[in-house]
Amino acid sequence: MSKENKTAISPTREENYPEWYQQVIRAADLAENSPVRGCMIIKPWGYAIWENFQRILDKMFKDTGHKNAYFPLFIPVSYLEKEATHVAGFAKECAVVTHSRLELDENGKLIPTSELEEPLVVRPTSETIIGEAYAKWVQSHRDLPILINQWANVVRWEMRTRLFLRTTEFLWQEGHTAHATEKEAMEETLRMLDVYTDFATNYLAMPVIKGEKTESERFPGAVHTYCIEAMMQDKKALQAGTSHFLGQNFAKASKIKFLDSDGVEKFAWTTSWGSSTRMIGGLIMTHSDDDGLVLPPRVAPTHIVIIPVLHKEESRSEVLEYCNKLKKELETINLAGRQIEVEVDTRDIRGGDKMWQWIKRGVPMILEIGPRDIAEDSVFVSRRDKSIKEKTAQKRLEFIKTVANQLQEMQDNLLNRALKFREDNTTKIDTKENFYKFFEDENAGFVLAHWNGKPEVEEQIKNDLKVTIRCIPLEGEKEKGKCVITGEPSQQRVYFARAY
């Protein structure tokens, strides 16, 4: 820890936010860049966070009737060509496999030699190949709905990458469903948007705005795209999940047809929805501070780390016995349906170094226990949602009794803090002059302003200010007004911001 800056992370958020973000990831040992440009190695602590995301979301998906399956990584180019808007939207991001074998040339270098009959795209998303399967699976209305999710990796060839937020290869889940009616498909689209909202709010403690994307921001080939948008601590927006109503576009392209109960052949109505490891980036930027990562307890790999104070050999066994007993007692307690996870750190390094490693990793609670604490049957507690210097002595039995409530209080504190930050940095603006002036600041925040619905106005703002319409909110007031740019009639305010 730097004595000069008095923070564990340098630079601080205020000094250089993008570099601060990278340093938090490094200090927390979450991930690192791989030898393959644009890709990342997710390290055990980072992957443990992702596993908790998977565990929670997977249950939510199954509770809403979905089942997991797996589809191929490679997609024939001809499949993408069937849906023109879709392929146009992803063409520049596709990684393409053209050969199947390597041979040594006269210089001893490996070169591709066996050209494929048809190039294969490395999965950027799976609508087309899943649609091909659904076309075989669906003949009758009795075969519907199909409610499937897959956990997978995808590749989108990015020019500018940043760990978790934008990498060439990333991990995600993608849901794909087929329905007999438009109403059912739309209900599914909004249901899954609510699942993402629930997860972000109640598990990540990340408040989000539910909304619909404008036409220019829609998923390629979708009829409607819905999203959740969050504000990061640099006041930029992060799209944290999307749910797409695909209408019959992909069903027609893939020929997903069925005989209805009246014997008439019809095309199915489909949806897709997804969230990815980008949410870990959102988690980092929503809660972390200048001492490192801050994890909401509900998604932390470890809730509590116990650091035994082992200065004297004669008290070593007594201290370790006390700590291990406490660990077992705490592990009988549940938080939000999950056993509290506890680790006793017995590594042979200085106690202060251990403390700072766990602070930088964002573990919610750290307990220090030495002979003096044992004599008083108490624990010395520090919480990651409070100042590093703020530590409290708590009687062991009282701590055990209240620990679940304390962890939930931490969860609530982080959510309320993030919600207040968003509210404090969201501004209603009604004139073009004030709108342009507001966004002179690179990290200005969110604006709620009227828009006439015309894409040319949206494009003008994007070109002039690098500001986009993040979403047309689904909730809140819908008062009519005048477009902030043109003065023309507007049906409701929309969210404008710079974004990741």
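My aim in this report is to walk through the structure given alongside it, one point at a time. (Residues numbered from 1 in each chain as written. Predicted model: local features only at pLDDT ≥ 70, side-chain atom pairs only at ≥ 80, totals over all residues. Heavy atoms only, no water.)

**Regarding the overall build of the protein chain**
Link 1 in the chain: What the protein chain contains, in helices and strands, is 14 helices and 29 strands.
Link 2 in the chain: Computed over C-alpha atoms, the radius of gyration of the protein chain comes to 26 Å, within 12% of the 23 Å expected from 2.2 N^0.38 for 500 residues, which places it in the range of a compact globule.
Link 3 in the chain: Projected onto its principal axes, the C-alpha positions of the protein chain cover 80 × 65 × 60 Å.
Link 4 in the chain: The buried share among the 500 residues of the protein chain stands at 53%.
Link 5 in the chain: Taking contacts inside the protein chain between residues at least 6 apart in sequence as the whole, the part at least 24 apart equals 70%.
Link 6 in the chain: A total accessible area of about 23700 Å² is found for the protein chain, and carbon and sulfur atoms account for 48% of it. (Helix = DSSP H or I, 4+ residues; strand = E, 2+ residues; numbered from the N terminus. Rg over C-alpha atoms; globule rule 2.2 N^0.38 Å. Buried < 20%, exposed > 50% of the residue type's maximum accessible area, 1.4 Å probe, protein only. Contact = heavy atoms within 4.5 Å. Areas by Shrake-Rupley, 256 points an atom, 1.4 Å probe, with all protein chains shown as cover.)

**Re the packing of aromatic side chains**
Link 1 in the chain: By the definition in use, this model includes 19 aromatic pairs.
Link 2 in the chain: When the ring of F245 is compared with that of W269, the centres are 6.3 Å apart and the planes differ by 15°; the resulting orientation is stacked. One end of the pair, F245, is in strand β13 (residues 237-247); the other, W269, is in strand β16 (residues 269-276), with 24 residues separating them in the sequence. Each member of the pair, F245 together with W269, is buried.
Link 3 in the chain: Each ring, one from F438 and one from F439, has its centre 5.1 Å from the other, and the planes form 85°; the classification is edge-to-face. One exposure class covers both F438 and F439, and it is buried.
Link 4 in the chain: Aromatic rings pair up to connect W50, F53, F61, W151, Y196, F199, Y203 and W273 into one cluster.
Link 5 in the chain: Residue placement shows R361 over the ring face of W358; its charged tip is 5.5 Å from the ring centre. (Phe/Tyr/Trp six-rings, centres within 6.5 Å; stacked < 30°, edge-to-face > 60°. Lys NZ or Arg CZ within 6 Å of the ring centre and 35° of its normal.)

**Details of the environment of T277**
Link 1 in the chain: If you trace the backbone, T277 turns up in the loop between β16 and α8 (278-287).
Link 2 in the chain: In this structure, the C-alpha to C-alpha distance between T277 and D143, residues 134 residues apart in sequence, is 33 Å.
Link 3 in the chain: Residues contacting T277, with those up to four places away along its chain left out, are M40, I42, W50, F164, F170 and L171.

**As for the sheet that holds strand β8 (residues 115-122)**
Link 1 in the chain: Strand order in the open sheet formed by three strands is β4-β8-β5, and the pairing between neighbours is antiparallel. Only two strands of the sheet have a single neighbouring strand rather than two, namely β4 (74-76) and β5 (95-99). Taking each pair of neighbouring strands and ignoring which way they run, the sheet shows an average axis angle of 40°.
Link 2 in the chain: Sheet analysis places β5 next to β8, joined by four bridges and oriented antiparallel. Along β8, the bridge assignment pairs V96 with V121. (Pairing = 2+ DSSP bridges. Axes fitted to C-alpha atoms, helices over the stretch in contact; angles between N-to-C directions.)

**What to know about helix α1 (residues 17-27)**
Each turn of an α-helix holds 3.6 residues, which means side chains three or four residues apart point in the same direction.
Link 1 in the chain: Inspection of α1 places Y17, W20, Y21, Q23, V24 and I25 among the buried residues, and these make up the whole buried set.
Link 2 in the chain: Where α1 is buried, its residues meet β1 (31-33) and α8.
Link 3 in the chain: Sitting at the amino-terminal end of α1 is N16, which places a side-chain oxygen 3.2 Å from the backbone nitrogen of E19.
Link 4 in the chain: Of the residues one or two after α1, D29 is the one with positive phi, at around 60°. (Polar contact = N/O pair within 3.5 Å; in protein donor to acceptor, adjacent residues only side chain to side chain.)

**Quick word on the sheet that holds strand β22 (residues 378-383)**
Link 1 in the chain: Strands sit in the order β20-β17-β21-β22-β23 across an open sheet of five strands; the sheet is mixed. Every other strand in the sheet has two partners, leaving β20 (342-344) and β23 (391-395) as the edge strands with one partner each. The mean inter-strand angle of the sheet, taken between neighbouring strand axes irrespective of direction, is 25°.
Link 2 in the chain: Note: strand β17 (residues 304-308) against strand β21 (residues 365-369), five bridges, orientation parallel. Along β21, the bridge assignment pairs P308 with I369.
Link 3 in the chain: In this fold helix α9 (residues 313-330) packs onto β17, β20, β21 and β22, with an angle of close to 170° to the strand it touches most, β17.

**Focus: the packing of α1 against α8**
Link 1 in the chain: Relative to each other, α1 and α8 sit at 110°, their axes nearing to 11 Å. By the angle between their directions, the pair α1 and α8 is classed as roughly perpendicular. Handedness of the crossing formed by α1 with α8: right-handed. From α1, Y17, W20, Y21, V24 and I25 reach across to α8, where they touch G281, I284 and M285.
Link 2 in the chain: Grouping the constituent residues of the contact of α1 with α8 by class yields seven nonpolar, one polar and no charged. (Parallel < 35°, antiparallel > 145°, perpendicular 65-115°, else oblique. Left-handed = near helix turned anticlockwise from the far one by under 90°. Nonpolar A, V, L, I, M, F, W, Y, C, P; charged D, E, K, R; others polar.)

**Regarding the packing of α9 against helix α12 (residues 396-424)**
Link 1 in the chain: Here α9 crosses α12 at 30°, and the two axes come no closer than 10 Å. Taken together, the axis directions place α9 and α12 in an arrangement best described as roughly parallel. Of the two possible hands of crossing, α9 and α12 adopt the one that is right-handed. Where α9 abuts α12, its residues Y322, L326, E329 and L330 lie against R396, F399, I400 and V403.
Link 2 in the chain: Split into classes, the residues belonging to the contact of α9 with α12 amount to six nonpolar, no polar and two charged.

**What to know about the environment of T242**
Link 1 in the chain: In this fold, T242 is placed in strand β13.
Link 2 in the chain: Expressed as a C-alpha distance, the spacing of T242 and Y196, which sit 46 residues apart in the sequence, is 8.3 Å.
Link 3 in the chain: With residues up to four places along the chain from it excluded, the contact list for T242 reads Y196, T225, Y226, C227, W273 and G274.
Link 4 in the chain: Here H244 takes part through its side chain, which lies 3.3 Å from a polar atom of the side chain of T242.

**Notes on the nonpolar core**
Link 1 in the chain: Counting residues in each nonpolar core, the largest one holds 60 residues, and the members touching the most others are F53 and F164.
Link 2 in the chain: Apart from the residues lying within four places of it in its own chain, the contact partners of F164 are Y21, I25, L30, A31, M40, T277, R278, I280, G281 and I284.
Link 3 in the chain: Counting residues in hydrophobic clusters, the runner-up holds 24 residues, among them I333, I340, A404 and L407. (Core = buried A, V, L, I, M, F, W, Y, C linked by side-chain atoms within 4.5 Å.)

**Topic: unusual backbone geometry**
Link 1 in the chain: Residue P11 is reached from S10 by a cis peptide bond, and omega for that bond is 5°.
Link 2 in the chain: By the element assignment, P11 lies in the segment before α1.
Link 3 in the chain: The amide bond that connects L144 to the next residue, P145, takes the cis arrangement and shows omega of 0°.
Link 4 in the chain: With respect to the helices and strands, P145 occurs in the loop between α5 (127-137) and β9 (146-155).
Link 5 in the chain: Its identity is not glycine, yet K255 carries a phi of approximately 60°, on the positive side.

**What to know about the side chain of T128**
Link 1 in the chain: Relative to the elements of secondary structure, T128 occurs in helix α5.
Link 2 in the chain: A residue is classified by how much of its surface remains accessible, and T128, at 4% relative accessible area, is buried.

Keep in mind that these numbers describe shape and distance, not what the molecule does.
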